[in-house]
Amino acid sequence: MTPMSAEGMIRDRSGLAPGSGFAGFTIERTLGHGGMGIVYLAREVRLERDVALKVIRTELAADEHFRTRFREESRTAASIEHPRVVTVFGAGERDGLLYVAMQYVAGRDLGRLISVRGALPADEAASLTAQVADGLDAVHAAGLVHRDVKPANVLVGEPETFGDEPTAYLTDFGLAKIAASTSGLTATGEVIGTIDYMAPEQIEARRVDARTDVYALGCVLFHAVTGAVPYPERESSSKMWAHLNEPPPATGGPLDPVIRRAMAKDPSDRFPSAGDLGRAATAATHGEAVTEPEHAVGTGEAALAETVPLAVTAPTERQPRRRQRRRRLSRFLIPLLTLLVAAALTFAALIVVPRLNDSSSTPPRPSGIAVPALVGQPLDTAEQR
């Protein structure tokens, strides 16, 4: 597909062509598009500045619950001021389209950087991760959980603009959370969030907090240092299974213990905050010891209690985790067994009851099995005990 044909597709989907005006902005060109919407480079006419203008997909914007949450979360996002977080200038609606105007960062996202350069040196990957982690701490302290931390949502500024060292900026926080709380799926059946970086509790639709983003950031660190996602070349269902059950693959480098802990299946085994992960990654590449804080920082939806010092080591197998896996299996096995037993009882009732009602046959002697009494009775399952 040529760039011009891609541009035509984008224009048809959004109705915003280069040179057109929209909500006080002049569209200059398309920067990218994804599951949430399309991002344009635009010129804010009144203030004469370049912005990244994200226009939300129409099928999401049509949902009234999404629109309400969008307004609330946009106000919260606009209140976050941090050098590693892309600034939100404003948000609104025009002609039925929802939009967010954000700080424009000249450069490329981390995903494109990796695709061009390949695997990054461990120290550079750790530095970028630590910068993103600082931004995530600010997002969590504001009461938000990102839910879609991935290389495409990490912008890396151009060195000639921001200095010799690569500078990372976190973007798109809050939007994935709103979409997931609305339906979990778009009209086309796409999962909100990115499976390659999705924490187990997010896959299982359980409660999320800052440690959900810690898991995703651990996946991003793995991608940066290896050039590949943790579980590549798999179908979506297989990737989900791997995130739920398989240990993180090894990189063979100094960041292995950090990645294993960040990607622990049990949230309580992970770093209590994104900043802790960032500091551990930086320390690991310098051969330094890591000092854990006495208290965890804010974690968005579910604040953590006081923590004890933790070493930068991979989590070990423990009895509570085995019980957690058994509970997970029971959620699938118990309904299946219940269905099979109910089918067997129904089949038995179809055979036995006609015989009981047949006046030409000799009345049967009590057998000790009262089929009608069993149908519909609760099973004595492990959960009920």
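My aim in this report is to walk through the structure given alongside it, one point at a time. (Residues numbered from 1 in each chain as written. Predicted model: local features only at pLDDT ≥ 70, side-chain atom pairs only at ≥ 80, totals over all residues. Heavy atoms only, no water.)

### So, the side chain of His 146
And then number 1: Among the secondary structure elements, His 146 is positioned in the loop between α5 (122-141) and β8 (154-157).
And then number 2: Separated by 3.0 Å, the side chain of His 146 and the backbone nitrogen of Asp 148 make a polar contact. (Helix = DSSP H or I, 4+ residues; strand = E, 2+ residues; numbered from the N terminus. Polar contact = N/O pair within 3.5 Å; in protein donor to acceptor, adjacent residues only side chain to side chain.)

### Notes on the nonpolar core
And then number 1: Counting residues in each nonpolar core, the largest one holds 44 residues, and the members touching the most others are Leu 110 and Leu 217.
And then number 2: Those elements that provide at least two residues to this core are α4 (110-117), α5, β8, β9 (167-170), α9 (210-226), α11 (256-262) and α12 (274-286).
And then number 3: For this core, the element with the most residues is α9, which contributes 10 residues. (Core = buried A, V, L, I, M, F, W, Y, C linked by side-chain atoms within 4.5 Å. Buried < 20%, exposed > 50% of the residue type's maximum accessible area, 1.4 Å probe, protein only.)

### Observations concerning the sheet that holds strand β6 (residues 97-103)
And then number 1: Spatial strand order, β1-β2-β3-β4-β6-β5: 6 strands in an open sheet with antiparallel pairing. Two strands in the sheet have a free side with no partner beyond their single neighbour: β1 (21-22) and β5 (88-94).
And then number 2: Pairing between strand β4 (residues 49-56) and β6: 5 bridges, direction antiparallel. Directly across from Val 51, in β6, lies its bridge partner Gln 103. (Pairing = 2+ DSSP bridges.)

### Comments concerning the packing of α5 against α12
And then number 1: Following both chains from N to C, one finds α5 and α12 inclined at 160°, their axes separated by 7 Å at the closest point. The angle between α5 and α12 falls in the class roughly antiparallel. For α5 against α12, the interelement crossing comes out left-handed. Facing Ala 122, Asp 123, Ala 126, Ala 130, Ala 133, Leu 136 and Asp 137 of α5, the residues of α12 in contact are Ala 274, Gly 275, Gly 278, Ala 281, Thr 282 and Thr 285. (Axes fitted to C-alpha atoms, helices over the stretch in contact; angles between N-to-C directions. Parallel < 35°, antiparallel > 145°, perpendicular 65-115°, else oblique. Left-handed = near helix turned anticlockwise from the far one by under 90°. Contact = heavy atoms within 4.5 Å.)

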